[in-house]
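Architecture and fold: a report
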Amino acid sequence: VRVGFAGNAIFSGKMIADLRQFHRCYPDAELVIQEIAPQQQVAAIQSGQLDVGYTPDNSKTATPDIMVQPLGQWDFLVALAEDHALARHESITLEMLSGEALILYEAHDEHERLYQWLEQKLGDKLHVAHRGASTLSVLAIAATGLGLALIPSPLQQVTIPGLAYRRLDEPALHANLMLVRRVVEPNQTVAAFLALACRTE
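Residues numbered from 1 in each chain as written. Predicted model: local features only at pLDDT ≥ 70, side-chain atom pairs only at ≥ 80, totals over all residues. Heavy atoms only, no water.

**Things to note about the environment of Pro 38**
Topologically, Pro 38 is positioned in helix H3 (residues 38-46). Taking the C-alpha atoms as reference points, Pro 38 and Gly 4, 34 residues apart in sequence, are found 9.0 Å from one another. When neighbours within four sequence positions are excluded, Pro 38 is seen to be in contact with Ala 6, Thr 55, Pro 56, Asn 58 and Ala 107. (Helix = DSSP H or I, 4+ residues; strand = E, 2+ residues; numbered from the N terminus. Contact = heavy atoms within 4.5 Å.)

Encoded structure:
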């Protein structure tokens with residue numbers, strides 16, 4: 001079973017729990033796990049390079065031959081250098097982000113929900129100063145003081161020297177995690193994995 005994941009999928013706990021249970025139930029099945037950008041997961045499944053993906057919802061998941069299973073939803077946090085002026089606040093409002101240097105994942109381009117939402121709310125005060133290809137690169141850029149990163153709340157488990165986390169006071173905005181797969185799955189081993197991963201608690 002070839003499983004792709006976006007970096008932040010690890011911290012939700014869901015993917016790791018699925019992999020552990022599958023390994024316990026089917027110890028002879030081979031698991032291949034690789035980090036892959038959210039928008040690339042659907043194409044990798046379609047081309048046969050992946051069987052299953054754990055990803056935030058994105059513009060590529062709305063594809064007829066791909067099934068999308070919601071796995072969870074979380075609030076956003078702001079990650080910032082501990083000596084940044086905004087770090088003295090317990091929570092940060094959207095208005096406080098106006099004109100601030102923001103750090104987004106490369107995956108959050110102009111076609112994606114988070115970018116479009118920020119553009120709608122901040123208008124010409126939206127300033128995306130840096131983009132990171134991975135979770136650690138986004139957090140590292142924030143820790144250096146080069147900007148503020150908007151991240152899903154499970155990432156606050158990551159401790160980086162000089163980095164602080166603050167709640168984003170914006171209840172309408174959420175991060176999510178989806179499981180993406182083929183609509184028709186011919187491989188019985190992959191189907192067994194999906195039966196475990198998609199079970200209702």
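Continuing now.
**Describing the side chain of Thr 135**
Along the polypeptide, Thr 135 turns up in helix H5 (residues 135-143). Given a relative accessible area of 6%, Thr 135 falls into the buried group. At 3.4 Å, the side chain of Thr 135 forms a polar contact with the side chain of Tyr 105. Here Thr 135 is in contact with Gly 7, Asn 8, Phe 11, Tyr 105 and Leu 155, once residues within four sequence places are set aside. (Buried < 20%, exposed > 50% of the residue type's maximum accessible area, 1.4 Å probe, protein only. Polar contact = N/O pair within 3.5 Å; in protein donor to acceptor, adjacent residues only side chain to side chain.)

**A few points about the environment of Leu 136**
Within the element layout of this structure, Leu 136 appears in helix H5. Sequence-wise, Leu 136 and Ser 59 are 77 residues apart; in three dimensions their C-alpha atoms are separated by 23 Å.

**Considering H5**
Buried within H5 we find Thr 135, Val 138, Leu 139, Ile 141, Ala 142 and Ala 143. Contacts from the buried residues of H5 go to helix H1 (9-12), strand S4 (66-81), strand S6 (101-105), strand S7 (127-132), strand S8 (148-152) and strand S9 (163-168). A positive backbone phi angle near 90 degrees is found at Gly 145, which sits one or two residues after H5.

**Quick look at empty space enclosed by the protein**
A water-sized probe, rolled over the atoms, reveals where empty space remains. Counted according to the given criterion, the structure contains one cavity of 30 Å³ or more. In this structure, the largest cavity encloses a volume near 60 Å³. Contributing to the lining of the largest cavity are Asn 8, Ala 9, Ser 12, Trp 74, Pro 152, Pro 154, Ala 175, Asn 176 and Leu 177. Put simply, the parts of the chain that give the lining of the largest cavity at least two residues each are H1 and strand S10 (174-182). Ranked by residue count, the leading element in the lining of the largest cavity is S10, at three residues. Its residues assigned to classes, the lining of the largest cavity shows six nonpolar, three polar and no charged. (1 Å grid on protein atoms, 1.4 Å probe; cavity = no way out; pocket = protein on both sides within 12 Å on 5 of 7 lines; lining within 4 Å. Points joined across faces, edges and corners; volume = space filled by probe spheres on them. Nonpolar A, V, L, I, M, F, W, Y, C, P; charged D, E, K, R; others polar.)

**A look at the nonpolar core**
Ranked by size, the top nonpolar core spans 22 residues in total, and within it Leu 80, Leu 97, Leu 118 and Leu 150 carry the most contacts. The element best represented in this core is helix H4 (residues 113-122), accounting for five residues. (Core = buried A, V, L, I, M, F, W, Y, C linked by side-chain atoms within 4.5 Å.)

**A closer look at the pairing of S9**
As paired elements, S4 and S9 share five bridges and run antiparallel to each other. Residue pairing across strands places Val 78 opposite Arg 166, the latter belonging to S9. With two bridges joining them, strand S5 (residues 91-92) and S9 adopt parallel strand pairing. Counted as the bridge partner of Ile 92 is Leu 168 from S9. (Pairing = 2+ DSSP bridges.)

**Some words on helix H2 (residues 14-25)**
With twelve residues, H2 extends 17 Å between its outermost C-alpha atoms, agreeing within 8% with the 16 Å of an ideal straight helix rising 1.5 Å per residue. Among the residues making up H2, those that are buried are Lys 14, Met 15, Asp 18, Leu 19 and Phe 22. The buried residues of H2 all sit within an arc of 130 degrees when viewed along its axis, so they share a single face. Across from the buried face of H2, at angles greater than 90 degrees, the exposed residues are Arg 20 and Arg 24. (Expected span 1.5 Å × (residues − 1). Arc of directions from axis to C-beta.)

Shape descriptors only; they carry no functional weight alone.
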